[in-house]
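Breakdown of the fold
Chain by chain, the residues run as shown.
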Amino acid sequence: MIQQETDLEVADNTGAKRVRCFKVLGGARKRYAAVGEIIVCAVKEALPHGTVKKGDKVKAVVVRTKHYIKREDGSRLRFYDNSCVIIDDKSNPVGTRIFGPVAREVREKGFIKICSLAPEVI
């Protein structure tokens, strides 16, 4: 459940450490983004020699949320933080590594490259 003004950690090695969501893609009245959905963010903190700089506007895919993810089998899954992975215009990750676990819903939404780079898919 990511909405406008939500701060997220960045789970890749692009150089960005923290981003702030300012638009949830998917329609004019779409308010919340769940795991596997695309958001538009502004970089708030970044490493000095990274690929992205502070103040850049980037697209990202939500890979972890603190809010529960309800699954078909009745189980619920939640993570310890809100995290995203920065992507380019062709929906490929900009970074070459992904840190931490990624939810299975990311693969179901079509981001197979992100799942293959992640150390664990839950």
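Residues numbered from 1 in each chain as written. Predicted model: local features only at pLDDT ≥ 70, side-chain atom pairs only at ≥ 80, totals over all residues. Heavy atoms only, no water.

A separate point is the pairing of strand 2 (residues 16-24). Bridging between strand 1 (residues 7-10) and strand 2 involves 3 bridges; their strand directions are antiparallel. Bridging across to strand 2, Leu 8 finds its partner in Val 19. The hairpin formed by strand 1 and strand 2 contains 5 residues between the paired strands, and Gly 15 there has a positive phi angle of roughly 110 degrees. Sheet analysis places strand 2 next to strand 3 (residues 38-46), joined by 7 bridges and oriented antiparallel. (Pairing = 2+ DSSP bridges. Helix = DSSP H or I, 4+ residues; strand = E, 2+ residues; numbered from the N terminus.)

All right, on to the pattern of salt bridges then. Applying the stated criterion to the full structure yields 7 salt bridges. Between Arg 20 and Asp 7 there is a salt bridge, with its nearest N and O atoms 2.7 Å apart. Here Arg 20 is found in strand 2, whereas its partner Asp 7 is found in strand 1, with 13 residues between them in sequence. Residue Asp 81 is joined to Arg 64 by a salt bridge in which the shortest nitrogen-to-oxygen separation is 3.1 Å. Separated by 17 residues along the polypeptide, Asp 81 in the loop between strand 6 (76-77) and strand 7 (83-87) and Arg 64 in strand 4 (residues 57-64) bring together distant segments of the chain. (Salt bridge = Lys/Arg side-chain N within 4 Å of Asp/Glu carboxyl O.)

Turning our eyes to something else, we now look at the packing of aromatic side chains. Taken as a whole, this structure holds 0 aromatic pairs when the rule is applied. Across from the ring centre of Tyr 68, 4.2 Å away, lies the NZ or CZ of Arg 76, which sits over that ring. (Phe/Tyr/Trp six-rings, centres within 6.5 Å; stacked < 30°, edge-to-face > 60°. Lys NZ or Arg CZ within 6 Å of the ring centre and 35° of its normal.)

Within the closed barrel, the 5 strands sit side by side as 1-2-3-4-7. Their pairing is mixed. Neighbour-to-neighbour, the strand axes of the sheet open up by a mean angle of 55 degrees, direction not taken into account. (Axes fitted to C-alpha atoms, helices over the stretch in contact; angles between N-to-C directions.)

Following the sequence through the fold, Lys 44 ends up in strand 3. Classification of Lys 44 by relative accessible area gives partly exposed; the value is 30%. Note: C-alpha distance between Lys 44 and Cys 21 (23 residues apart in sequence) is 10 Å. Leave out the neighbours within four places in its chain, and Lys 44 touches Arg 18, Val 19, Arg 20 and Lys 54. (Buried < 20%, exposed > 50% of the residue type's maximum accessible area, 1.4 Å probe, protein only. Contact = heavy atoms within 4.5 Å.)

Attention now moves to the side chain of Glu 105. One can find Glu 105 in helix 1 (residues 105-108). A relative accessible area of 13% places Glu 105 in the buried class. Apart from the residues within four sequence positions on either side, Glu 105 is in contact with Val 35, Ile 69 and Arg 71.

Residue Glu 5 is not a glycine yet carries a positive backbone phi of 75 degrees. Even without being a glycine, Ser 91 presents a positive backbone phi close to 65 degrees. By secondary structure assignment, the location of Ser 91 is in the loop between strand 7 and helix 1.

Any link to function would need more than the numbers given here.
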